[in-house]
There are 2 protein chains.
Amino acid sequence: MSVYLHDIPLPQAQARLREALQDADLWRVLGEETIPLDENAIGRVTTEPIWAKVSSPHYHASAMDGFAVRALSTVGAMPSTPLTLSMGSEAQYVDTGDPLPDWANAVIPIENVESLDETKQITSAIRQPTSIRIRASVAPWSHVRPLGEDIVATQLVLPAGHILKPVDLGAIAASGHQEIKVSRKPKVAILPTGTELVPIGSQLKAGDILEYNSLVLAAQVKAMGGEPTRYPITKDDFDLICERVLEAAQDHDLVLLNAGSSAGAEDFSAKVVEKLGQLLVHGVAVRPGHPVILGLVNRQSKIKNRRSDNLIPIIGVPGYPVSAALTIDIFVEPLIAQWLGRRPLELPTETAILTRKLVSPAGDDDFVRVVVGRVGEKLLAAPLSRGAGVITSLVQADGLALVPSGTQGIEAGEKIQVRLYRSKAEIEKTIFCIGSHDLTLDLLAQFLSVHNRRLVSANVGSQGGLVALRRGEAHLAGSHLLNPQTGEYNISYIRQYMPNIPVKVFALVGREQGLMVKKGNPKRIKSLRDLSRHQVQFVNRQRGAGTRVLLDYHLNSMTISPESIVGYNQEEYTHLGVAAAIASGRADCGLGIAAAAQALDLDFVPLFQERYDLVIPKQYAEADLLTPLFGLLADSAFRKAVSQLTGYDVSVMGTIILED
Amino acid sequence: MSVYLHDIPLPQAQARLREALQDADLWRVLGEETIPLDENAIGRVTTEPIWAKVSSPHYHASAMDGFAVRALSTVGAMPSTPLTLSMGSEAQYVDTGDPLPDWANAVIPIENVESLDETKQITSAIRQPTSIRIRASVAPWSHVRPLGEDIVATQLVLPAGHILKPVDLGAIAASGHQEIKVSRKPKVAILPTGTELVPIGSQLKAGDILEYNSLVLAAQVKAMGGEPTRYPITKDDFDLICERVLEAAQDHDLVLLNAGSSAGAEDFSAKVVEKLGQLLVHGVAVRPGHPVILGLVNRQSKIKNRRSDNLIPIIGVPGYPVSAALTIDIFVEPLIAQWLGRRPLELPTETAILTRKLVSPAGDDDFVRVVVGRVGEKLLAAPLSRGAGVITSLVQADGLALVPSGTQGIEAGEKIQVRLYRSKAEIEKTIFCIGSHDLTLDLLAQFLSVHNRRLVSANVGSQGGLVALRRGEAHLAGSHLLNPQTGEYNISYIRQYMPNIPVKVFALVGREQGLMVKKGNPKRIKSLRDLSRHQVQFVNRQRGAGTRVLLDYHLNSMTISPESIVGYNQEEYTHLGVAAAIASGRADCGLGIAAAAQALDLDFVPLFQERYDLVIPKQYAEADLLTPLFGLLADSAFRKAVSQLTGYDVSVMGTIILED
């Protein structure tokens, strides 16, 4: 084990890097460049204040098509006593934008002027009457854009450190500039290392790990305003890695070494940094992503005397994709901000109610990906998978909730601070669906996105969904709970779990349940009876899942004891989870839906038909938020898409099962 | 005058364009392209759902460095009764990420294992002991990342219409893709027209208008995800414009014709559209920007039979820069969104309190640029210049307030809906400064931006500032109000205008006031006495301005009557405004500060020294928001920058004048 890895608090780690860079005179704008004032300037950061070189307008300009006059000469003009002005000395035709003659200080719009020549309203085609008649006076500077109305020469147009937006470019141009000084983009080298890594697109064999971190890191760096370079994969070889780091350091401002930042036998990053420069930090008390390395490398390792010119920072980025992405947000974003001369990105923060208890090591700042939505009056944060390897948790996340160091966890129902990735407006359009998992929900999510709604579903089983509805933690629940006494679906459970909450229940689909088995059904599983065979390994759904209720109902009626089933207590939370367990060989069979079997290329033994309903508390059933959902239940394109899933029957879709 | 221009309501105009494009089968994703999965994919929009081709992990992977075991073989291991497992058949060393052997279903981390060979903790260097000893059992699937933990093959990874973020690229790669289908970028031709237009960088003469709209429009289009082409300026010539439009239409999806969209003699856009295709809308009841043209052009004017293939939309964009930019937001953004297959941009909306009355034509949707900040409990929206030519109003705007059609205006203190350009977090860092204008405030704004504060100043004169503080509409006010009786600054006015509000007052600067005159002082103005000379045209500051109070004080003590001064009633709101009036020849002189004279290359006749203070209600003086400001008053870099302005004395800076 390495002697290095020792987690220090996050603020201390950040300070250590900052101070080292300050010492090396690298905590500043890296450099500037002059670029032309064109549309590619958007997003760049100004390095100096922009002062106006000219005024805009740079002369007194007419704001209308009309006649330039002296305001004083119009005094006395009234509807009953018109006044005549001679063209040339007292009035002059001007188009919008034309300069006023020196002697004029107001404009009368053409529509307020009569021509004496034709005794009718002047049209723009007749601009040169010999004189004009007016029936109202004008105030000085009426319908004039005076010199400097927009910009006065020498005024501050934009400060340094400003991120250029489209309209800024117009103001810069208007103030007399045709190029602009901006900070140069920091160059960031991204070095993936690991013998087990294979490039995107490779045929995978067991043990191969797709190298896509460098892609995500490069995209993050680019989005932050840096210029990434992705290097090819380097094997876990100390000398090769040293060589590659030195090579990359030559023409970059920052090296990201991914991964090998932990303390295993093949984790060389810390030793590489120590050899090539200075190891500042190895280990930060933050989850995910604690095995971070912060250090400096000498660009030319042989010239040690001119210190500040030769050092550049290096960051050892952990290998798990979620850890890697968060490391970039935490350590690289502020650095690039400093180098570009802009402020670090600050995500908007909201207080939300946590839907599920979070346990966390007391010493760590623990960042938990959450989905966020408003249910009734409450802004809810529902934690996603916490696995550092689960990149989809970042894809789905609406924000990052912090369980700060010093806390051992946060209880369900308590408040938590969330840094939001999405705008509040988007979050207000989130439909929280909880309960049983069904593939139709993926399709529903897709169709709803067209109607400006986002469907977020959490899979906690049918009963869990009803309990969540009672707690006010979702807008609707998917449920397929069979009442063993009556053979009827959901209603008795709704009354039991959600007493006194008026609901509306719609049928979503009818679907086939059966046994998923390996391709070719090698163990010849035909019915639930086969589950008791000793050599058959079963995988179950979790307690409360509708599929589990269905299983127990049929086991009971067939008098098969759960104890007789190997794997009865091995639980998965979704149909696809069960299918994956079978596909991987962890189990021989499990109860679930045909579509999940098909998805993972399994065989399917159909056993029962069941109904899957949507349970919606009345207060949400009548809210705008859900309107598009009801529309889709009758939408032929949606019905068609669902009916193309194997084992699905859409004839019941939209039928009202219960309405309080 | 054109017969066309006739404003119709905004929703009707939008619907007319949408319906015409639906008829032409152009209201859809324009096309798709397959691009490699690299960092340039960020911001692109998916055209089809992305389904996982492989699972991730695609095998059961160890989540730790350690030993793969059968969970069942570990049952019974306890601290007091260790259990021995033979290597090979019962335990096998695995690194993080390694596949589990077929027979294993759990991993024991290396730190929880003892080597029998050395009877001490195993290090990673010693991986192959003949057997290992454990003192705790493990549950099945402990420290294992099961197949499909992140992604299950066939699952939905991302829906169609999704804007790609960095982490999305990782999930797409992890699910087995190496390229991705995205919508192609709509090509937008931008055609500036106008005989008076000159390109950016031209030497300007009166009547020349810098053509920078095409730059702003191109940058907007690019930011929206389109691909802009800027054409050179076309003169106001019907045939030339027709030719250019047809040329641009050949290889673009949309033509933006700027300007000539109004109804003047030189406004050809409507006629051009009518000749080359179909005029759908001329005039929309929206301010600024009502002379909008929406239409279609035939790409090949001679082939009329294949209608849908040959039509593309054309938008006549008004010439004033604010109108032009808003037209793009209102009409082009939703169109590009549709063509890209993403949702239209929706700015977050907040309700704010209006600080100043807005009057608006009842029939129009009137968009007013506002700065937004929180003062105490109130979120305030302060209107910026409403001139359609004032592009700096868009640069400075935090949002767009809507005075909807059907309303004739909104009173100060009433609520108004604001679409925010900035995040709430940024807005919470806004310091509202009101009152008298001083150049030091520009410098202060610049220095504060480094400290994560934004200083927004509104110039309403010193007295206006104190009144605004009383109303709770700003955090601080700049004031230089001389008490003619006592010769003392500000205090008596503060007591008069802000009774019962505890304040803290700091001196900001001492500064010279005097008469700004034309270069070379052609009218030989030496003192206030010269203002009474008949041929001297004066320009004044507005009532309530400290400079006006100073003027009146001295006029009174010199017994000069205001009536004797030509231009006494001609008012400007800032020092630079007065300077601009003199520079442009509108006036011969005005009272103001040396720096303003210098800014516009005027001569300056110094007359008096005065003090300029910052007045801060105690509740804000003690708030975090203002802390950086107090820091700057003692900051040597800031003091140096101010002292370099002509006529400024920083020796008083930071002195406490009054503290309640």
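Please refer to the structure placed before this passage.
Residues numbered from 1 in each chain as written. Chains lettered and ligands numbered in written order. Predicted model: local features only at pLDDT ≥ 70, side-chain atom pairs only at ≥ 80, totals over all residues. Heavy atoms only, no water.

Focus: the overall build of chain A
Stage number 1. Scanning chain A from terminus to terminus reveals 18 helices and 39 strands.
Stage number 2. Scaling as 2.2 N^0.38, a compact globule of 660 residues should have a C-alpha radius of gyration of about 26 Å, whereas chain A reaches 35 Å, well beyond that.
Stage number 3. Dimensions of chain A, computed from C-alpha atoms along their principal axes, come out at roughly 110 × 80 × 45 Å.
Stage number 4. For chain A, restricting intrachain contacts to residue pairs at least 6 apart in sequence, the fraction spanning at least 24 positions comes to 75%. (Helix = DSSP H or I, 4+ residues; strand = E, 2+ residues; numbered from the N terminus. Rg over C-alpha atoms; globule rule 2.2 N^0.38 Å. Contact = heavy atoms within 4.5 Å.)

Considering a positive patch on the surface
Stage number 1. There is a patch of like positive charges on the surface, built from A:K185, A:K222, B:K185 and B:K222.
Stage number 2. Using a relative accessible area of 33% as the deciding quantity, one classes A:K222 as partly exposed. (Patch = residues over 30% accessible without salt bridge, like charges linked within 9 Å, V, L, I, M, F, W, Y side chains within 5 Å. Areas by Shrake-Rupley, 256 points an atom, 1.4 Å probe, with all protein chains shown as cover. Salt bridge = Lys/Arg side-chain N within 4 Å of Asp/Glu carboxyl O. Lys, Arg positive; Asp, Glu negative; His and termini not counted. Charge placed at Lys NZ, Arg CZ, Asp CG, Glu CD. Buried < 20%, exposed > 50% of the residue type's maximum accessible area, 1.4 Å probe, protein only.)

Details of the side chain of A:D267
Stage number 1. Following the sequence through the fold, A:D267 ends up in the loop between β18 (254-258) and α5 (269-276).
Stage number 2. If sequence neighbours within four positions are ignored, A:D267 has contacts with A:G260, A:S261 and A:S262.

Thoughts on the interface of chain B and chain A
Stage number 1. Each partner contributes to the interface: chain B provides 94 residues, whereas chain A provides 95 residues.
Stage number 2. Where chain B meets chain A, there are two salt bridges.
Stage number 3. For A:E346, the salt bridge identified is with B:K429, shortest N-O distance 2.5 Å.
Stage number 4. Elements supplying a minimum of two residues to the side of chain B that touches chain A: β12 (156-158), α2 (166-174), β16 (209-211), α3 (213-224), β17 (227-230), α8 (392-396), α10 (439-450) and α14 (575-583) of chain B.
Stage number 5. In terms of residues, the side of chain B that touches chain A owes the most to one element, α2(B), which gives eight residues.
Stage number 6. Across the side of chain B that touches chain A, the residue classes break down as 49 nonpolar, 24 polar and 21 charged. (Nonpolar A, V, L, I, M, F, W, Y, C, P; charged D, E, K, R; others polar.)

Some words on the sheet that holds strand β19 (residues 277-282) of chain A
Residues and elements named next belong to chain A.
Stage number 1. What the six strands build is an open sheet, ordered β17-β14-β18-β22-β21-β19; its pairing is mixed. The open sheet is flanked by β17 (227-230) and β19, the only strands paired with a single partner. The average angle at which neighbouring strand axes cross in this sheet is 20 degrees, direction not considered.
Stage number 2. Strands in contact with helix α4 (residues 238-250) are β14 (187-192), β18, β21 (293-298) and β22 (311-317); relative to β18, the strand with the most contacts, it is inclined by about 155 degrees.
Stage number 3. Where helix α7 (residues 321-340) meets the sheet, it contacts β14, β18, β21 and β22, and its direction lies at approximately 160 degrees from that of β22. (Pairing = 2+ DSSP bridges. Axes fitted to C-alpha atoms, helices over the stretch in contact; angles between N-to-C directions.)

Side note on empty space enclosed by the protein
Residue and element names in this part refer to chain B.
Stage number 1. Enumeration according to the criterion identifies one cavity of 30 Å³ or more in this entry.
Stage number 2. Within this model, the largest cavity holds a volume of roughly 30 Å³.
Stage number 3. Lining the largest cavity are V517, K518, N521, P522, K523, I525 and D588.
Stage number 4. The class makeup of the residues in the lining of the largest cavity is three nonpolar, one polar and three charged. (1 Å grid on protein atoms, 1.4 Å probe; cavity = no way out; pocket = protein on both sides within 12 Å on 5 of 7 lines; lining within 4 Å. Points joined across faces, edges and corners; volume = space filled by probe spheres on them.)

Quick notes on the sheet that holds strand β7 (residues 106-109) of chain B
Residue and element names in this part refer to chain B.
Stage number 1. Pairing within the open sheet is antiparallel, and its three strands lie in the order β6-β4-β7. Here the strands that pair on one side only, and so sit at the sheet edges, are β6 (91-94) and β7. Along the sheet, successive strands turn relative to each other by an average axial angle of 35 degrees, direction set aside.
Stage number 2. As paired strands, strand β4 (residues 66-69) and β7 are joined by four bridges and run antiparallel to one another. By the bridge assignment, F67 is partnered in β7 with I108.

A short note on the pairing of strand β36 (residues 589-593) of chain A
All names here are of chain A.
Stage number 1. The element β36 is extensively covered by neighbouring structure, given that five of its five residues are classed as buried.
Stage number 2. The pairing of strand β33 (residues 503-517) with β36 spans five bridges and is classified as antiparallel. Bridging from a neighbouring strand, G514 pairs with G592 of β36.

Quick notes on the relation of the copies chain B and chain A
Stage number 1. With an RMSD of 0.1 Å, the fit of chain B onto chain A corresponds to turning through 180 degrees and sliding 0.0 Å along the axis. Expressed as a symmetry operation, the mapping of one chain copy onto the other fits a two-fold axis. Taking C-alpha positions as reference, the residue of chain B nearest the rotation axis is B:S423, located at 4.4 Å.
Stage number 2. Residue by residue, 100% of the interface of chain B is reproduced at the interface of chain A, so both copies engage with the same surface. (Least-squares fit on C-alpha atoms with pLDDT ≥ 70 in both.)

A short note on unusual backbone geometry
Stage number 1. The step from A:N258 to A:A259 runs through a cis peptide bond, and the omega angle for that step is 5 degrees.
Stage number 2. Of note, the bond from A:R287 into A:P288 is cis; its omega dihedral lies within 30 degrees of zero at -10 degrees.
Stage number 3. For A:P288, the position within the fold is in the loop between β20 (286-287) and β21.
Stage number 4. Of note in the backbone geometry, A:T559 takes a positive phi value of approximately 50 degrees without being a glycine.
Stage number 5. Along the chain, A:T559 falls in the loop between α13 (546-557) and β35 (571-572).
Stage number 6. One non-glycine residue, B:D25, adopts positive backbone phi at about 55 degrees.

With respect to the packing of helix α3 (residues 213-224) of chain A against α2(B)
Stage number 1. Relative to each other, α3(A) and α2(B) sit at 165 degrees, their axes nearing to 8 Å. Here α3(A) lies roughly antiparallel to α2(B), going by the angle between them. Here α3(A) runs over α2(B); the crossing is right-handed. For the pair α3(A) and α2(B), contact is made by A:L215, A:V216, A:A219, A:Q220 and A:A223 and by B:P166, B:V167, B:L169, B:G170 and B:A173, respectively.
Stage number 2. When the residues that make up the contact of α3(A) with α2(B) are grouped by side-chain class, the tally is eight nonpolar, two polar and no charged. (Parallel < 35°, antiparallel > 145°, perpendicular 65-115°, else oblique. Left-handed = near helix turned anticlockwise from the far one by under 90°.)

Considering the environment of B:K275
Residue and element names in this part refer to chain B.
Stage number 1. Along the chain, the position of K275 falls in helix α5 (residues 269-276).
Stage number 2. Judged by relative accessible area, which is 53%, K275 ranks as exposed.
Stage number 3. Taking C-alpha positions, K275 is 53 Å from I431, a pair spaced 156 residues apart along the chain.
Stage number 4. In this structure K275 touches F238 and C242, once residues within four positions along its chain are discounted.

Comments concerning the packing of helix α1 (residues 10-23) of chain A against α7(A)
Residue and element names in this part refer to chain A.
Stage number 1. Put simply, α1 and α7 touch, their axes get as near as 11 Å, and they point 35 degrees apart. With respect to the hand of their crossing, α1 and α7 are arranged in right-handed fashion. Of α7, the residues touching α1 (which contributes L10, A13, Q14 and L21) are I330, F331 and L335.
Stage number 2. Residue composition of the contact of α1 with α7, grouped by class: six nonpolar, one polar and no charged.

A few points about the environment of A:V517
Residue and element names in this part refer to chain A.
Stage number 1. Relative to the helices and strands, V517 resides in strand β33.
Stage number 2. Classification of V517 by relative accessible area gives buried; the value is 1%.
Stage number 3. Setting aside anything within four residues of it in sequence, one finds V517 in contact with I525, I582, D588, C589, L602, D603, F604 and V605.

Just geometry here; none of it tells us what the structure is for.
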